[in-house]
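# A structural walkthrough
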Amino acid sequence: MFDQLQIMADRYEELGGLLSDPDVVSDTKRFMALSKEEAGLRETVAAYERYVEVTTGISDAEGMLSDSSLAADEAEMFKEELKDLKNEKSQLEEAIKILLLPKDPNDDKNIILEIRGAAGGDEAALFAGDLLSMYQKYSENQGWKFEILESNVTEIGGIKEVSVMISGNSVYSKLKYESGAHRVQRVPKTETQGRVHTSTATVLVMPEIEDFDIDIDPKDLRIDIYHASGAGGQNVNKVATAVRIVHEPTGIKVEMQEERNQQKNRDKAMKIINARVYDYFAQIEQDKNDEFRKSTVGTGDRSERIRTYNFPQNRVTDHRIGLTLQKLDTILSGKLDEVIDALILFDQTQKLEDLKQ
């Protein structure tokens, strides 16, 4: 393990030199790739360098304690220092094990979040709106940017479907576990007899895909420009600004008319089509590896029920890890950290167990 860490430290130092090389700086694609590699090594190398300092400190303290001429008060000081250093060494060893786990290459990326009302009609659409609000508040708490790309709203204010771009620090690493079917149990506003109904909404989290992450042949895309629908009269858009993009090999389609500017609609549509096509092929690869799917909580059957929100009991249950919290109101207000931290810890623990086998 420590040979591997030293190799990483050497590479990190090498990257520092490369990133100041004028030839690299002038090559945007290479500069971005090397910057990303350096950022990915930074935390691990810092932990390793501190580990080296701590082990050196332990050796020095043990050497001082072996000196028979050492005064009693000095010996006590070195014993206390040795105890603290050994505790820190144990903590660093555990932290480094986690840092050395295989990295998800998408963890640092922004995401496109899609939410759809599923089983349950109007109530499912209303619940989809609640989930949208929950993620928006969580994003605000994290200091992330939350931008609605496209939405289809019901007459009573629910969400048939919505696509959102969430941008910020390591968004995918925290929200990648949210993909799946979310179930709600509550008395709908339209229910006159007070009966609890069960409805579902689906959530899909996709990393934002840059042009260099995926190679879509422009010939595979059909792009149509048309007039955005409006309320009629003076509000009818006289300029064709709405954009429809179809990836013909997969049949994946995106329609965008949120903006009054055709180029802005095209840019937003391309972000979504890139993410969906990438996700489509990533899911095919993932399906080939059942063992991988069993050992993680962030991937799996998109129709799998992952969480239940029970309003009568103020309870949220994540079925993948057996976590139950009597904090439904708190979680829906955007305070998701306890759930997400538990999912990350479970995933890391499973991966550490897999390495031991």
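Residues numbered from 1 in each chain as written. Predicted model: local features only at pLDDT ≥ 70, side-chain atom pairs only at ≥ 80, totals over all residues. Heavy atoms only, no water.

### Re the pairing of strand β4 (residues 180-186)
Just so we agree on the cut-off: Exposure categories follow from relative accessible area, calculated using a 1.4 Å probe and restricted to protein chains: below 20% of the type maximum is buried, above 50% is exposed, and the middle band is partly exposed. Numbering of helices and strands runs from the N terminus; a helix is a DSSP stretch of H or I covering at least four residues, while a strand is a stretch of E covering at least two. Pairing between strands requires that DSSP locate at least two bridges from one strand to the other.
Burial analysis of β4 places seven of its seven residues in the buried class, the great majority of the element. Here seven bridges tie β4 to strand β5 (residues 197-207), and the two strands are oriented antiparallel to one another. When the bridges of β5 are listed, histidine 182 appears paired with alanine 201.

### Re the sheet that holds strand β6 (residues 221-226)
In plain terms, the rule: A fitted line through C-alpha atoms represents every axis, and for helices the fit uses only the stretch in contact; the resulting angles, taken between N-to-C directions, go from 0 to 180 degrees.
A sheet is described by the order of its strands in space; here three strands give the open sequence β6-β7-β8, paired in antiparallel fashion. Sheet topology places β6 and β8 (252-256) at the edges, where each strand pairs with a single neighbour. Neighbour-to-neighbour, the strand axes of the sheet open up by a mean angle of 10°, direction not taken into account.

### Some details on the nonpolar core
Our working rule: Nonpolar core, defined: a set of buried Ala, Val, Leu, Ile, Met, Phe, Trp, Tyr and Cys residues in which side-chain atoms within 4.5 Å join the residues together. Residue contacts are counted whenever heavy atoms from the two residues lie within 4.5 Å of one another.
In terms of nonpolar packing, the biggest core is built from 36 residues, with Leu113, Ile115, Leu131, Tyr135, Ile166 and Leu175 touching the most fellow members. Elements supplying a minimum of two residues to this core: β1 (111-117), α5 (121-142), β3 (159-167), α6 (171-175), β5, β11 (323-325), α9 (328-332) and α10 (337-356). Take this core: its biggest share by element is seven residues, from α5. Apart from residues lying up to four places away in sequence, leucine 131 is in contact with Ile115, His182, Ala201, Val203 and Tyr309. Within the second largest apolar cluster, 21 residues are counted, among which are Met8, Val45, Ala47 and Ala61.

### Notes on a nonpolar patch on the surface
To keep it simple, the criterion reads: Every patch collects residues that have over 30% relative accessible area and no salt bridge, joining them within 9 Å if they carry like charges and within 5 Å if they are nonpolar side chains (Val, Leu, Ile, Met, Phe, Trp, Tyr). All accessible areas in this document rest on Shrake-Rupley with a 1.4 Å probe, and a residue is counted as covered only by the protein chains that are shown. Whenever a carboxyl oxygen of Asp or Glu lies within 4 Å of a side-chain nitrogen of Lys or Arg, that contact is scored as a salt bridge.
On the surface, Tyr280, Phe281 and Ile284 cluster together into a nonpolar patch covering about 270 Å² of accessible area. Mapped onto the elements of the fold, tyrosine 280 is located in helix α7 (residues 262-287). A relative accessible area of 37% places tyrosine 280 in the partly exposed class.

### Considering the packing of helix α1 (residues 2-18) against helix α3 (residues 28-65)
What counts here: Roughly parallel refers to an angle under 35 degrees, roughly antiparallel to one over 145, roughly perpendicular to one between 65 and 115, and oblique to any angle outside these ranges. Left-handed describes a crossing in which the near helix is turned anticlockwise from the far one by less than a right angle; the clockwise case is right-handed. Residues are grouped as follows: Ala, Val, Leu, Ile, Met, Phe, Trp, Tyr, Cys and Pro are nonpolar; Asp, Glu, Lys and Arg are charged; all remaining types, including Gly, are polar.
Contact pair α1 / α3: the axes reach a minimum separation of 8 Å and the direction vectors enclose 135°. As the angle between them shows, α1 and α3 are arranged oblique. The crossing of α1 and α3 is left-handed. Judged by residue contacts, Phe2, Leu5, Gln6, Met8, Ala9, Arg11, Tyr12, Leu15, Gly16 and Leu18 of α1 engage Arg30, Leu34, Glu37, Glu38, Leu41, Arg42, Thr44, Val45, Tyr48 and Tyr51 from α3. Per-class residue counts for the contact of α1 with α3 are 12 nonpolar, three polar and five charged.

### Observations concerning the side chain of aspartate 318
In plain terms, the rule: As used in this structure description, the phrase polar contact means that two N or O atoms lie within 3.5 Å; if the pair is within protein, one of them must be able to donate a hydrogen and the other to accept it, and residues adjacent in sequence are counted only when both atoms belong to side chains.
Mapped onto the fold, aspartate 318 is located in strand β10 (residues 315-318). Polar side-chain contacts of aspartate 318 include one of 2.8 Å to the side chain of arginine 320. Filtering out sequence-adjacent residues up to four positions away, aspartate 318 remains in contact with Ile306, Arg307, Leu323, Val339 and Leu343.

### Considering α5
Definition in use: Multiplying 1.5 Å by the residue count of a helix minus one yields the expected span of that helix.
Here α5 is 22 residues long and its end C-alpha atoms lie 32 Å apart, about the 32 Å a rise of 1.5 Å per residue gives. Buried within α5 are the following residues: Glu123, Ala124, Ala125, Phe127, Ala128, Gly129, Leu131, Leu132, Met134, Tyr135, Tyr138 and Ser139. Glycine 143 occupies a position one or two residues after α5 and carries a positive phi of about 80°.

### Section: the UniProt feature "coiled-coil region" (unreviewed entry) in the chain
Short version of the rule: UniProt positions are given in the numbering used here, feature names are shortened, and annotations may be inferred rather than shown by experiment.
According to UniProt, the "coiled-coil region" (unreviewed entry) feature falls on residues 68-95. Between the end C-alpha atoms of residues 68-95 there is a gap of 36 Å, over a span that is 86% helix and 0% strand.

### Quick notes on the packing of α3 against helix α4 (residues 72-99)
Put simply, α3 and α4 touch, their axes get as near as 9 Å, and they point 155° apart. Here α3 is positioned roughly antiparallel relative to α4, judged by the angle of their axes. Crossing of α3 against α4: the hand is left-handed. Residues of the contact of α3 with α4, tallied by class, amount to 15 nonpolar, three polar and eight charged.

### Observations concerning unusual backbone geometry
In the Ramachandran plot, serine 170 falls in the positive-phi region, its phi being about 55° despite a non-glycine side chain. Note that serine 170 resides in the loop between β3 and α6. Its identity is not glycine, yet asparagine 314 carries a phi of approximately 50°, on the positive side. Among the secondary structure elements, asparagine 314 is positioned in the loop between β9 (305-310) and β10. Classification of asparagine 314 by relative accessible area gives partly exposed; the value is 25%.

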